[in-house]
Amino acid sequence: GSAGTGFRAPSIDELYGVYPGFVGNANLNPETSLSYELGVDKEYANGASFSLTAFQIQIEDLVTYQYDFVNAIGTLVNAPGTTNREGVELAFNLPVTDRVEVFGAATLISTDDGAGNHLARVPGREYMLGVSADMTDRFSGSLTARRVTHRPMDTDASFTRVEMDAYTLVDMQLAYDIGNGFDAYVNVTNLLDESYEVVPGYGTAGRSVFFGINASF
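Residues numbered from 1 in each chain as written. Predicted model: local features only at pLDDT ≥ 70, side-chain atom pairs only at ≥ 80, totals over all residues. Heavy atoms only, no water.

**Quick notes on the environment of Glu163**
By the secondary structure assignment, Glu163 is in the loop between strand S13 (161-162) and strand S14 (167-179). Along the sequence, Glu163 and Ala79 sit 84 residues apart, while their C-alpha atoms lie 23 Å from each other. (Helix = DSSP H or I, 4+ residues; strand = E, 2+ residues; numbered from the N terminus.)

Next up, the structure:
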């Protein structure tokens, strides 16, 4: 278990930024937080592992966006009261053979913006399932799927409350040990080219492929 405090000062843009449709707020207070975490881990003789973690974070003076309809401009303010996030996460790793492993996690989150509302852009459920394998002594890969659901309603550019759909992302990683401390890799994010939005009206990347070489000395 653990407990800790946090502190985040407002950024320069948050304090003094001036852009079309937005002006900063020089009177913002820093965010402060108090967090707790309690967990249990279990390992088995066959290499399998299991973990269960409960967590909570309480934030004072959360910096949040607010639109001033009188002056027709957006700004930032400190949210009143205490903003709360709490939940549990369950995770596991399961060796299928000496070269193949299945892993996964499920996270359940409950939030409160201080006024009894769910925090925007914080999903209530997130699930992950993946498999990794060493195909040969040098060639390895993994495939991971992530499902995000129970997303709270959000506000689009016209200040209309809209439903936020659940989405699923699949990522793939391949690596080859060239030797002498060098590894070549290919990463494919959003393998199925899912169309989704984290913020209403703002697009996200479709299928993306990354190539590279890692060197260890």
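**Here we look at the side chain of Thr111**
Its location among the elements puts Thr111 in strand S9 (residues 100-112). The exposure class assigned to Thr111 is buried, which follows from its relative accessible area of 10%. A polar contact of 3.2 Å, which involves the side chain of Thr111, links it to the side chain of His118. A polar atom in the side chain of Thr111 sits 2.8 Å from the backbone nitrogen of Leu119. Excluding residues that lie within four positions of it along the chain, Thr111 makes contacts with Asn84, Arg85, Asn117, His118, Leu119 and Val122. (Buried < 20%, exposed > 50% of the residue type's maximum accessible area, 1.4 Å probe, protein only. Polar contact = N/O pair within 3.5 Å; in protein donor to acceptor, adjacent residues only side chain to side chain. Contact = heavy atoms within 4.5 Å.)

**Observations concerning the pattern of salt bridges**
Per the stated rule, a full pass over the model turns up five salt bridges. We note a salt bridge from Arg99 to Asp137, for which the minimum N-O separation is 2.7 Å. With Arg99 in the loop between strand S8 (82-95) and S9 and Asp137 in the loop between strand S10 (125-134) and strand S11 (139-149), this pair connects stretches of sequence that are 38 residues apart. The class of Arg99 is partly exposed, set by a relative accessible area of 33%. Sharing partners across several salt bridges, the network here consists of Arg8, Glu14 and Glu31. (Salt bridge = Lys/Arg side-chain N within 4 Å of Asp/Glu carboxyl O.)

**Brief notes about the pairing of strand S15 (residues 182-189)**
The sheet contact formed by S14 and S15 spans seven bridges and is antiparallel. By the bridge assignment for S15, Gly179 is matched with Phe182. From the end of S14 to the start of S15, which pair antiparallel, there are two residues, and Asn180 there has a positive phi angle of about 55°. Sheet analysis places S15 next to strand S16 (residues 208-215), joined by eight bridges and oriented antiparallel. Paired with Ala184 across the bridge in S16 is Ile213. (Pairing = 2+ DSSP bridges.)

**Examining the sheet that holds S15**
Overall, antiparallel pairing links the ten strands, which are arranged S1-S4-S5-S8-S9-S10-S11-S14-S15-S16 in an open sheet. Lying at the two open borders of the sheet, with one neighbouring strand each, are strand S1 (2-8) and S16. Averaged over neighbouring strand pairs, the angle between their axes works out to 15° when direction is ignored. (Axes fitted to C-alpha atoms, helices over the stretch in contact; angles between N-to-C directions.)

**What about unusual backbone geometry?**
Its identity is not glycine, yet Asn190 carries a phi of approximately 55°, on the positive side. By the secondary structure assignment, Asn190 is in the loop between S15 and S16. Within the chain, Asp193 stands out as a residue other than glycine whose phi angle is a positive 55°. Positionally, Asp193 belongs in the loop between S15 and S16. The exposure class of Asp193 is partly exposed, given its relative accessible area of 41%.

**Observations regarding the side chain of Thr53**
With respect to the element layout, Thr53 can be found in strand S5 (residues 49-60). Thr53 gets classed as buried once you look at its relative accessible area, which sits at 18%. Sequence-distant contacts of Thr53, defined by excluding residues within four places in its chain, comprise Glu37, Leu38, Gly39, Gly87, Val88 and Glu89.

**Notes on the packing of aromatic side chains**
Two measures describe an aromatic ring pair: the distance that separates the ring centres and the angle between the ring planes. Counted under the stated rule, the structure contains two aromatic pairs. With 4.4 Å between their ring centres and 25° between their planes, Tyr167 and Tyr196 make a pair best called stacked. Here Tyr196 lies in the loop between S15 and S16 and Tyr167 lies in strand S14, a separation of 29 residues in the sequence. Here Tyr167 and Tyr196 have matching classes, each one buried. In this structure, Lys42 is placed above the aromatic ring of Tyr44, and the distance from its NZ or CZ to the ring centre is 5.5 Å. (Phe/Tyr/Trp six-rings, centres within 6.5 Å; stacked < 30°, edge-to-face > 60°. Lys NZ or Arg CZ within 6 Å of the ring centre and 35° of its normal.)

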